[in-house]
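Notes for the structure review
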Protein chains: 2
Amino acid sequence: MSNDKRIHHLGLQRKVCSAEEAAQWINPGDIIGTSGFTGSGYPKIVPGALAARIKQAHEQGKEFKIKLLTGASTGPELDGVLAEVNGVSYRTPFNTDPKMRKRINDGDTNYLDMHLSYVAPLYRSGALGDMDVAIIELSSIRADGTLVASTAVGNNQLWLNSAKKVILEVNHWQRAELEGMHDIWEVSPTFPQKIVPIVNPHDRIGNPYMTVDLDKVVAIVETNAPDRNAPFSPSDGNARAIAGHLMEFFNYEIKKGKMPQQLLPLQSGIGNVANAVMEALSQGHFENLSAYTEVIQDGMLSMLETGKMRIASATSFSLSPEKAQYFNDNIQKFRQKIILRPQEISNHPEVIRRIGCIAMNGAIEADIFGNVNSTHIMGSRMMNGIGGSGDFTRNAYVSIFMTPSLAKDGNISSIVPMVPRVDHISQDVQVIVTEQGLADLRGLSPRCRAKVIIENCAHPTYKPLLTEYYKLGLKNTPMQTPHFLREALSWHEKFVSTGTMLPK
Amino acid sequence: MSNDKRIHHLGLQRKVCSAEEAAQWINPGDIIGTSGFTGSGYPKIVPGALAARIKQAHEQGKEFKIKLLTGASTGPELDGVLAEVNGVSYRTPFNTDPKMRKRINDGDTNYLDMHLSYVAPLYRSGALGDMDVAIIELSSIRADGTLVASTAVGNNQLWLNSAKKVILEVNHWQRAELEGMHDIWEVSPTFPQKIVPIVNPHDRIGNPYMTVDLDKVVAIVETNAPDRNAPFSPSDGNARAIAGHLMEFFNYEIKKGKMPQQLLPLQSGIGNVANAVMEALSQGHFENLSAYTEVIQDGMLSMLETGKMRIASATSFSLSPEKAQYFNDNIQKFRQKIILRPQEISNHPEVIRRIGCIAMNGAIEADIFGNVNSTHIMGSRMMNGIGGSGDFTRNAYVSIFMTPSLAKDGNISSIVPMVPRVDHISQDVQVIVTEQGLADLRGLSPRCRAKVIIENCAHPTYKPLLTEYYKLGLKNTPMQTPHFLREALSWHEKFVSTGTMLPK
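So, here's what we can say about the structure.

Rules and cut-offs
- Residues numbered from 1 in each chain as written.
- Chains lettered and ligands numbered in written order.
- Predicted model: local features only at pLDDT ≥ 70, side-chain atom pairs only at ≥ 80, totals over all residues.
- Heavy atoms only, no water.
- Helix = DSSP H or I, 4+ residues; strand = E, 2+ residues; numbered from the N terminus.
- Buried < 20%, exposed > 50% of the residue type's maximum accessible area, 1.4 Å probe, protein only.
- Contact = heavy atoms within 4.5 Å.
- Axes fitted to C-alpha atoms, helices over the stretch in contact; angles between N-to-C directions.
- Parallel < 35°, antiparallel > 145°, perpendicular 65-115°, else oblique.
- Left-handed = near helix turned anticlockwise from the far one by under 90°.
- Phe/Tyr/Trp six-rings, centres within 6.5 Å; stacked < 30°, edge-to-face > 60°.
- Pairing = 2+ DSSP bridges.
- Least-squares fit on C-alpha atoms with pLDDT ≥ 70 in both.
- Buried area = accessible area lost by both parts, 1.4 Å probe.
- Salt bridge = Lys/Arg side-chain N within 4 Å of Asp/Glu carboxyl O.

What about the environment of Gly 410 of chain B?
All names here are of chain B.
- Mapped onto the secondary structure, Gly 410 falls in the loop between strand E21 (406-407) and strand E22 (412-413).
- Residue classification places Gly 410 among the buried positions, given a relative accessible area of 14%.
- In this structure the C-alpha to C-alpha distance between Gly 410 and Thr 461, which are 51 residues apart in sequence, comes to 8.5 Å.
- In contact with Gly 410, other than residues within four places in its own chain, are Tyr 462 and Leu 502.

What follows is the structure, encoded as structure tokens:
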């Protein structure tokens, strides 16, 4: 690491220590705020040292748990190691780690699943308590003591402002050339807040560095460890079919004059359906695309390279290991085309509504009236969380939800009579796409929505059953939203008890 | 009417005609956009003449229905008369008229219940079709042909821009002195939109008048008819108890330094609970209150008069007949203290989040995890609609829902195991208040929310039953959100079949 000097501030150089020493600054019951968003930019080794301390304390019969606030999901070296030792009493705002998920569902960890743009406002309201320690990954520390974030901005600046003590992890795996790609702009701590002056995704409004009261920095640890980098999920036939329906929709909107040829700024999640959509966009005749989104994934990086996409604004990366390496090796190509912002800004309702995003998010399931469940399996088991989907869907120009029509080898229909958990109300669900087809629900009343969703989106196996349920509702409760309550959740009940939604 | 000249443009004076003549411009199948928001500022006599035409056509066996787009709810002279003749095939975005409600629930009228700030964006997207005729109530027409709205701004300017033909109702009951109280500002028709430059509720950003292409004005009708003006609902013991809990909450927030002494801009619905809250606020030690809300109701008008409130921004009035008369007789007192904006601006997420509103809305019911139903009785029957509650709740500094803990003489508990319709997801429901108490849910995980909601908000009669359900969920599905699906909707099923949620 010595050949690659990253700490350019003399006073801070003297604070370099081991992860074990750094972790000593953390006490039982502390509220810890870390960097990290979707597997990027999270601290890689201090959490492990903390987990070892916690394990030791537990072995000695002592209580030791912390409260963990992040940007969003992190990686096994943070959520994973702390969950393994049952070291987290409270977790917010988002998680995808399987070990942490188990703690959450088992009730060992209280989990607050929330809109990602709302973490900072809720923190400022006092509802999340006062932060004790911030642990923030950096790519470098500048000579003047200002800080360069790594691959995620998240809530970093707020945690740096708020924590009583600050631990910094300077990660040599992260490229020093990340400097200049961040745009740190702070929302006013009191009301009325300043106008967020972003009008186009490429607008830069803040500084490329973060600031911290240097007296609060208690430890600096140097690391050389990769981001989590989930493997690329290749698109399958269903994903490509979904993408195909979506391209047809975009082309029709352009033809009607409702969307320009360069579309509108894209927001997209990750996973194989999102990858198929990116592939289709890169092969389509669109030009000068832009993204105003949470995370930059493989497909966007490819489009930025070919020039198909001119700018991507996000709060972090979510790349496959191969693409992350490619990015690190070719960072100069991307420096002018990517802006990383605080998640309060990347997901800000004000900006999303102003620029008119196309929001594309996954759904676990949707009901026949178009309410969407994005978080809970069978109404109770937390999968990941709502993340930023609510920030985008309610404010987008058009809000699209995508899911294959079947799951679990056909034992689950993604279109159901009633969802046992609503994350996106019907008003915010404008388009549903499955491999079967696309339902443009804008302007439709519930009865009309039901017909179009069943007809266009449901799998043929379940279509007659859904039609039967809808008729049962119409017969028993012929009102605005015809439901037959006794049967409304019966598909889920059946799955829980028999392993399939299909009748015997 | 001649002594009170309201039409100052010479060319337009020549277009004055009868309501019957004006209604001749409307054809079967037309998309009609009218003024009107919560019983104020809607056209009073052309709809009646249209209803007569429709009735006649139906008697002759001819099809005649129109599609009706408004600001929000209107009055019996619009929604009522058209529903009576079954003259509306499609209705959006909000209704409170009992006759129209029946048509909606019977399936005679397709009803799209939507976020009120989203009507204009959805219209611009093309999803609501192309408007044929706008019918807009005015208080006067200026010499230059610009138009002064009456007691509601709603979507007036967009309808005036979009309709092929325009019919104007100049209502002499409305005070000419309304001129100057409106602030008409248009969102850009294409993306990116302009920044909405409102930072404080008192900011004026537009013009006091509306504009129209004079060639499109096909008819002008003079009227002298009052707004609907729902009677004042006096607060009862429950409402006062709810208000009391709320004042305690506000005082605590002020003490913690999280809210200033003048609170934050208030958004409030109407009805007896809202009235009790206004009474309590006017009697409390708060100073210099402000409102950034949809409608100005009796209590706000009183506080504006006493100086307790310094400014109220809204899109319309919703006053009792007495208070409306008082306002008309004393309009000079209020002219500088009230701003009426387009509903896209009064309810704009951008502004609401920036200024940090306190959102106070009613709920039909909430579940133990804090999901709220504001629209559907027993999951199917439409009551009114979501209105602007979603615009405010998701973007407010704090989002409060209020309801008495019981309804129907105790046969309904407003706190239930699961709501059969979700309008506000748990993330957007931060505080629930019943006469029993207040639950501050900010920062809490679902299991903690359930305990606080049951303990603080449920009626003692239902508390043990709710606890029993929650334990059943914990036993059967001990996960993030413990539900027992088989029983989740059983309270509603029981009410539908037996008329009570109480066990035998």
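With respect to the packing of helix H9 (residues 272-283) of chain B against helix H10 (residues 298-306) of chain B
Residues and elements named next belong to chain B.
- Contact geometry for H9 and H10: axes closest at 8 Å, N-to-C directions at 15°. For the element pair H9 / H10, the angle class is roughly parallel. Judged by the sense of rotation from one axis to the other, the crossing of H9 with H10 is right-handed. Every residue of H10 that contacts H9 at Met 278, Leu 281 and Ser 282 is listed here: Gly 299, Met 300 and Met 303.

Brief notes about unusual backbone geometry
- In the segment running from Phe 191 of chain A into Pro 192 of chain A, the intervening peptide bond is cis, with an omega of -5°.
- One non-glycine residue, Asn 229 of chain A, lies in the positive phi region at around 55°.
- Structurally, the position occupied by Asn 229 of chain A is in the loop between strand E8 (217-223) and helix H8 (237-255).
- The phi angle at Asn 86 of chain B is positive, at roughly 50°, despite the residue not being glycine.

Remarks on helix H4 (residues 76-84) of chain A
- Regarding H4 of chain A, the residues found buried are Leu 78, Asp 79, Gly 80, Leu 82 and Ala 83 of chain A.
- Once H4 of chain A finishes, Asn 86 of chain A follows within two positions and takes phi at roughly 55°, a positive value.

Some points on the packing of aromatic side chains
Residue and element names in this part refer to chain A.
- Enumeration according to the criterion identifies 16 aromatic pairs over all chains in this entry.
- A ring pair is formed by Tyr 123 and Trp 159, whose centres lie 5.4 Å apart and whose planes are at 70°; its orientation type is edge-to-face. A residue pair is termed long-range when its members are at least 10 positions apart, and Tyr 123 in helix H6 (residues 119-124) and Trp 159 in helix H7 (residues 156-162) qualify at 36 residues.
- Of the residues examined, Tyr 123 reaches a relative accessible area of 8% and is grouped as buried.

Examining the pairing of strand E5 (residues 133-141) of chain B
Residues and elements named next belong to chain B.
- Along E5, nine of the nine residues are buried, which leaves the element largely enclosed by surrounding structure.
- Alignment of strand E1 (residues 31-34) against E5, held across three bridges, turns out to be parallel. Following the sheet pairing, Thr 34 is matched in E5 by Ile 135.
- Here E5 pairs with strand E7 (residues 165-171) via five bridges, running parallel. Paired with Ile 135 across the strands is Ile 167, a residue of E7.

Some points on the relation of the copies chain B and chain A
- Once chain B has been moved 0.0 Å along the axis and rotated by 180°, it coincides with chain A to within an RMSD of 0.0 Å. Put plainly, the chains are arranged around a two-fold axis. In terms of proximity to the rotation axis, the leading residue of chain B is Glu 350 of chain B, whose C-alpha is 2.1 Å off the axis.
- A symmetric contact is evident, with 100% of the interface residues of chain B recurring at the interface of chain A.

Here we look at the interface of chain B and chain A
- Counting residues at the interface gives 81 residues for chain B and 81 residues for chain A.
- Both faces considered, chain B and chain A share a buried interface measuring about 6,600 Å² in area, 54% of it formed by carbon and sulfur atoms.
- For the pair chain B and chain A, the interface holds two salt bridges.
- Among the elements of the structure, helix H5 (98-106), strand E4 (110-111), helix H6 (119-125), helix H14 (349-355), strand E19 (381-382), helix H16 (446-457), helix H18 (485-488) and helix H19 (490-498) of chain B are those that each provide at least two residues to the side of chain B that touches chain A.
- With five residues, the single largest contributor to the side of chain B that touches chain A is H14 of chain B.

Brief notes about the sheet that holds strand E17 (residues 372-373) of chain A
All names here are of chain A.
- Overall, mixed pairing links the three strands, which are arranged E17-E16-E23 in an open sheet. Both outer strands of the open sheet, E17 and strand E23 (415-416), are each paired with one neighbouring strand and no more.
- With two bridges joining them, strand E16 (residues 365-367) and E23 adopt parallel strand pairing. Residue pairing across strands places Ala 366 opposite Ile 415, the latter belonging to E23.

Let's talk about the sheet that holds strand E23 (residues 415-416) of chain B
- Pairing is mixed across the open sheet formed by three strands, whose spatial order is E17-E16-E23 (chain B). A single partner strand is all that each edge strand has here, and the edge strands are strand E17 (372-373) and E23 of chain B.

This is a description of form; function is not addressed.
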